[in-house]
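Listed below, chain by chain, are the residues.
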Amino acid sequence: LAVVQPRPTIVHGPAPVPPGDITAERYVSSDWLADEADRLWPEVWFFACLASDVATPGDFVAVEIGRESIIVAGTDDGVAAMFNVCQHRGARIAKGHGHTEMLTCPYHGWRYRPDGRLVVVPENQLFPGGVDRAQCSLPRLRAEVVGAMVFVTMSDELPPVREWLGGVAERIEPYHVERMRLVGD
């Protein structure tokens, strides 16, 4: 067994916002929910799934965050994240979690690889000039793995997740969470 030595407690400065009561309204108000969808979720790294959920190319998890639906998938290059919206008519492509060689839109059958690349457009010849598959691939998001956790952001402006977490990653590394396995859900 590994021996984990605790590190000293980090004392941070004052909170960046004035202290206030956390009322029940924050949990039930549609205004708070809309504000989070507009101002919070597009500007943070959020935990999307466990790395073990997408460990094999073709494994996927559909994640709902705010108003957005996101696919996190295992690929030959690691982990990819993309918006869960077919580029043809806007239908959701994936639900829940599973394993697939192709993500298929239920509306007209457009098929995407787990990395989001559009590869099949049924009756492509009916579109004037054909569909540019590269232009119509699923919009990618940044995804990074820390330990056993996959984090995703919708922002291109944020620093890498390890830096954004501000030392949290280094504090959990001694626990080797990447070696842990989920035994129940």
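Residues numbered from 1 in each chain as written. Predicted model: local features only at pLDDT ≥ 70, side-chain atom pairs only at ≥ 80, totals over all residues. Heavy atoms only, no water.

**Student:** Could you clarify how one ought to interpret the pattern of salt bridges in this entry?
**Tutor:** Within this structure, the stated rule accounts for 6 salt bridges. A salt bridge links aspartate 38 to arginine 67; the nearest nitrogen and oxygen atoms lie 2.4 Å apart. Here aspartate 38, found in helix α2 (residues 30-40), pairs with arginine 67, found in the loop between β2 (59-65) and β3 (68-75); they are 29 residues apart in sequence, far enough to count as distant. Measuring nitrogen to oxygen at the nearest pair gives 3.5 Å for the salt bridge that ties arginine 162 to glutamate 170. Classification of glutamate 170 as partly exposed rests on a relative accessible area of 30%. Each of Arg162, Glu170 and Glu173 takes part in salt bridges that share partners, so that together they form one network. (Salt bridge = Lys/Arg side-chain N within 4 Å of Asp/Glu carboxyl O. Helix = DSSP H or I, 4+ residues; strand = E, 2+ residues; numbered from the N terminus. Buried < 20%, exposed > 50% of the residue type's maximum accessible area, 1.4 Å probe, protein only.)

**Student:** For this particular structure, what's the right way to read the sheet that holds strand β4 (residues 78-83)?
**Tutor:** Where strands meet in a sheet, backbone hydrogen bonds hold them as pairs that are either parallel or antiparallel. Spatially, β1-β10-β9-β4-β3-β2-β5 is the arrangement adopted by the 7 strands of the open sheet, whose pairing is antiparallel. A strand with exactly one partner marks an edge of an open sheet, and here the two such strands are β1 (45-50) and β5 (97-99). Between one strand axis and the next, the sheet turns through 30° on average, direction left out of account. Summarising the sheet, β2 and β5 pair through 3 bridges and their orientation is antiparallel. The residue bridging phenylalanine 60 from the neighbouring strand is glycine 98, located in β5. (Pairing = 2+ DSSP bridges. Axes fitted to C-alpha atoms, helices over the stretch in contact; angles between N-to-C directions.)

**Student:** I'm lost on the pairing of β3 in this one. Help?
**Tutor:** Within a regular strand, the side chains alternate between the two sheet faces. Of all 8 residues in β3, 7 are buried; the element is thus mostly enclosed. The pairing of β2 with β3 spans 6 bridges and is antiparallel. Bridge pairing in β3 links valine 63 to isoleucine 70. Here β2 hands over to β3 after 2 residues, with glycine 66 in that stretch at a positive phi of 60°. The hairpin turn running from β3 into β4, its antiparallel successor, is 2 residues long.

**Student:** Before we go on, may I ask you to explain the nonpolar core in this structure?
**Tutor:** Looking at soluble globular proteins, one finds that nonpolar side chains tend to be buried together. Grouped together as the largest cluster of nonpolar side chains are 18 residues, with contacts concentrated most on Ile71, Ile93, Leu103, Trp110, Tyr112 and Leu118. Among the secondary structure elements, those contributing two or more residues to this core are β2, β3 and β4. Core analysis: the second largest hydrophobic core is formed by 15 residues, Val61, Val63, Ile70 and Val72 among them. (Core = buried A, V, L, I, M, F, W, Y, C linked by side-chain atoms within 4.5 Å.)

**Student:** Would you mind showing me how to read the side chain of asparagine 84 here?
**Tutor:** By the secondary structure assignment, asparagine 84 is in the loop between β4 and β5. Side-chain polar atoms of asparagine 84 contact the backbone oxygen of alanine 94, separated by 2.8 Å. Sequence-distant contacts of asparagine 84, defined by excluding residues within four places in its chain, comprise Ala62, Ser69, Ile70, Ile71, Ala91, Arg92, Ile93 and Ala94. (Polar contact = N/O pair within 3.5 Å; in protein donor to acceptor, adjacent residues only side chain to side chain. Contact = heavy atoms within 4.5 Å.)

**Student:** Looking at this structure, how should I read the sheet that holds strand β7 (residues 111-112)?
**Tutor:** Strand order in the open sheet made by the 3 strands is β6-β7-β8, with antiparallel pairing throughout. Unpaired on one side and paired on the other, β6 (103-104) and β8 (118-120) mark the two borders of the sheet. Both β7 and β8 contribute to a ladder of 2 bridges, which runs antiparallel. Note that in β8 the partner of tyrosine 112 across the bridge is leucine 118.

**Student:** Explanation requested: a nonpolar patch on the surface in the structure shown.
**Tutor:** A contiguous nonpolar surface patch, about 410 Å² in accessible area, is contributed by Ile22, Tyr27 and Val28. Within the secondary structure, valine 28 is located in helix α1 (residues 25-28). (Patch = residues over 30% accessible without salt bridge, like charges linked within 9 Å, V, L, I, M, F, W, Y side chains within 5 Å. Areas by Shrake-Rupley, 256 points an atom, 1.4 Å probe, with all protein chains shown as cover.)

**Student:** Would you take a moment to explain the environment of proline 139 for this structure?
**Tutor:** Of note, proline 139 is situated in the loop between β8 and β9 (140-146). A relative accessible area of 32% places proline 139 in the partly exposed class. Sequence spacing of proline 139 and cysteine 86 is 53 residues, and the spatial spacing of their C-alpha atoms is 9.7 Å. Beyond its immediate stretch of four places on either side in the chain, proline 139 contacts Ala81, Met82, Phe83 and Gln87.

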